[in-house]
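# Residue-level structure breakdown
Single-letter residue listing:
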Amino acid sequence: MELIYDGSMDSRLFKDILGKTIRELSEQDNDFIYLDADLMSCIGTSAWACENPERGVNCGISESNMIGVACGLAATGFKPVVHTFGPFASRRVFDQVFLSAGYAKNDITVIGTDPGVTASFNGGTHMPFEDVALYRTIPTATIIDITDVPMLISVLKQCKDLPGVKYIRVGRKSAAKVFADGTETPIGPAITLREGKDVAIFASGIMVHEAMQAANKLAESGIEAAVVNFFTIKPLDTEAVKKFAKQCGNIVVAENHNRIGGLYSAVCETLARENTAKIDVVAVNDEYGEVGPQDYLQKRFGLTAEHIVETVQSLLK
Amino acid sequence: MDATLKKRLERFALEIRIGVLEQMKARGFGHVGGSLSITDALAVLYGSQMRVDPKRPDWAERDKLVCSKGHAGPAVYAALALQGFFPYEELKTLNQPGTNLPSHCDRNKTPGVDMTTGSLGQGASLACGMAFGEKLRGRDARVFLVVGDGEANEGQVWEALMFAAAKKLGNLVLLLDVNGKQLDGCTKDILDTLDLSAKVAAFGFDTVSIDGNDIEQVYNALERTRNGGDKPYAIVLNTIKGKGIAAVENAKSNHSMAVSSDQWNEWLLSLTAQLD
Ligand SMILES: Cc1ncc(C[n+]2csc(CCOP(=O)(O)OP(=O)(O)O)c2C)c(N)n1
């Protein structure tokens, strides 16, 4: 696995890669089918779907119905991938995903775009800080918080054939480059991006970039921080959690999500019994979202490298 | 319809359009299409129908508006600012950090906004609850519900309509903004809703279908609804998405637009030129 992180942003947008990968998967596998709820133009699949209405299905603005239809398609042998914005892909359709997909064992992949503060100008109604928490309660669901373009491509390919309910949260804009093109990121194992002995920063999604920046800053003051990418939030790599708890004795979890129910909760649940580490968190402090540019929102909700640095420093005091 | 009133409402509609563009110019982008299609209805509502008091936005007896297609917030904000609910200058804060004017309507932020919306479909049920509540309290306030034709894809809308008819909510007026488009394109290509007017009528609404960008037709349709009675009312507004700016009306994708400030200015000028 080749790491190429240097803090620079990818010129490619997630939304274009999403659209392109969906189209490619459809060409490779005749059982693959993609459904959307009037947000095709947000991930560049509109034109293609118009020409391939049997593999790119616009369900209109009816998310709950879309999940049910996808589950019915799964029951007839298809491998459905559905897309809508994160809040609608989680809150809005929770019962349908829980029962029609999970309980009834109809395997589907759900993509929720614009997680957390990346919903920026769509504001509070569109800003899911709880999607991971919801999906975590679905037995055996798979939950992925995407870091960069190569990971998105790799994860989409894997999810297509993976059994169960799979939830992928990903922005639509660009992200910092972390993995070299063509890198496969097998779902499950956490990925150590940087070694360190004083503290381990566990991060996912957009917070991976912030964590790497924070680790650079901490190094200036002599603190050696490990950075571990927990892009698979469920099933959690509990061995990695325990290993770093032992190795560093200090853990800071950084997530673009409410501190309740997400990665931080999963880490705490893992360590509750045999904890050997001090744990703190950089996440949304049980608040609703609001409107604004993403950089403003990251400051407003405490989701920056500076917040990670401060949290690490006070944890180590 | 009285000619002076008609003139006044047409001018109000023009001013709302200007207010919508002022907001989007300041931010650079916004949900322009669906804000402009519903502008004329909002002008008639706030200009001649709704019992509201800009000084008392929380007045319990007021008529209430639920803009369930919450992304048309900018049109509602312009109407409210022009009525004096908050300073006109504040329109320039649309979607800026810390603003009281987010892209989707928020009752806890904006004076005069009666309900929080943005997740399509939910406003329909909220409006039913409000109309039901007014009735239970014995108040004569009316509740106006704006729903988009794309939004009508949501099953929740139809659950709400069933509730309204069953509970005989004669104080509820549904304004269905049929501009023929939603986010990905034309409603008939995405999920053909067929004859919405017939459907709403079949759900038990006293229904009329009119040109929703014609002030006089909207006014007459709304006047009818003052009678109350046992049936909820529906006005199917046949509108044009982006109404009032030819370039927006004709744009293939006009749901949310990001254009240069020169372009916003040019469009603004074309409207201000019509003011007198
Ligand atoms: C539940 C939900 N799903 C999706 C969206 C994203 N969205 C916002 S506006 C829109 C299209 C709305 O179309 P319509 O109701 O016809 O509004 P108009 O054309 O009048 O702007 C969509 C899909 C949303 N806000 N809420």
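Please read all numbers here as calculations on a predicted model, not as lab measurements.

### Here we look at the overall build of chain A
When its secondary structure is counted, chain A shows twelve helices and twelve strands. Considering only C-alpha atoms, chain A reaches an extent of 60 × 40 × 35 Å along its principal axes. Going through the 317 residues of chain A one by one, you find that 62% of them count as buried. Put simply, 79% of the contacts in chain A that link residues at least 6 apart link residues at least 24 apart. Counting every atom, chain A has about 11800 Å² of accessible surface; 51% of that belongs to carbon and sulfur.

### Re the pattern of salt bridges
Following the criterion strictly, the structure yields 34 salt bridges over all chains and no others. Residues Lys197 of chain A and Asp198 of chain A are paired through a salt bridge, measuring 3.1 Å at the closest nitrogen-oxygen approach. As a salt-bridge pair, Arg51 of chain B and Asp140 of chain B come within 2.8 Å of each other at their nearest N and O atoms. Taken together, the residues span a long stretch of sequence, with Arg51 of chain B in the loop between α3 (39-49) and β2 (64-67) and Asp140 of chain B in the loop between α5 (122-136) and β3 (143-148) at a distance of 89 residues. Residue class for Asp140 of chain B comes out exposed when judged on its relative accessible area of 56%. In the salt-bridge network here, residues are joined through shared partners; they are Asp29, Lys79, Lys160 and Asp161 of chain A.

### Things to note about the confidence of the model for chain B
Low pLDDT marks stretches whose predicted atomic positions should not be read closely. Per-chain confidence: chain B averages 98 in pLDDT, with 100% of residues scoring 70 or above. For this predicted complex, the interface confidence reaches an ipTM of 0.94, while the overall pTM sits at 0.96.

### Concerning the domain arrangement of chain A
Residue and element names in this part refer to chain A. Domain assignment breaks chain A into domain 1 (14-170) and domain 2 (191-316). Placing the centre of domain 1 and that of domain 2 at their C-alpha centroids yields a distance of 26 Å. Taken together, the contacts link 29 residues of domain 1 with 32 residues of domain 2. Around 2200 Å² of area is buried between domain 1 and domain 2 when both sides are counted, 60% of it from carbon and sulfur atoms.

### Topic: the nonpolar core
Residues and elements named next belong to chain A. By size, the foremost hydrophobic cluster in this structure holds 61 residues, and its most contacted members are Ile146, Val155 and Ile308. Broken down by element, the residue count for this core peaks at seven residues, all from helix α8 (residues 207-220). Taken domain by domain, this core gets at least three of its residues from each of domain 1 (14-170) and domain 2 (191-316). Sequence-distant contacts of Ile146, defined by excluding residues within four places in its chain, comprise Phe14, Met151, Leu152, Val155, Ile168, Arg169, Val170, Gly205 and Ile206.

Conventions and cut-offs
Residues numbered from 1 in each chain as written. Chains lettered and ligands numbered in written order. Predicted model: local features only at pLDDT ≥ 70, side-chain atom pairs only at ≥ 80, totals over all residues. Heavy atoms only, no water. Helix = DSSP H or I, 4+ residues; strand = E, 2+ residues; numbered from the N terminus. Buried < 20%, exposed > 50% of the residue type's maximum accessible area, 1.4 Å probe, protein only. Contact = heavy atoms within 4.5 Å. Areas by Shrake-Rupley, 256 points an atom, 1.4 Å probe, with all protein chains shown as cover. Salt bridge = Lys/Arg side-chain N within 4 Å of Asp/Glu carboxyl O. pLDDT = per-residue confidence, 0-100. Domains from an automatic or database assignment. Buried area = accessible area lost by both parts, 1.4 Å probe. Core = buried A, V, L, I, M, F, W, Y, C linked by side-chain atoms within 4.5 Å.

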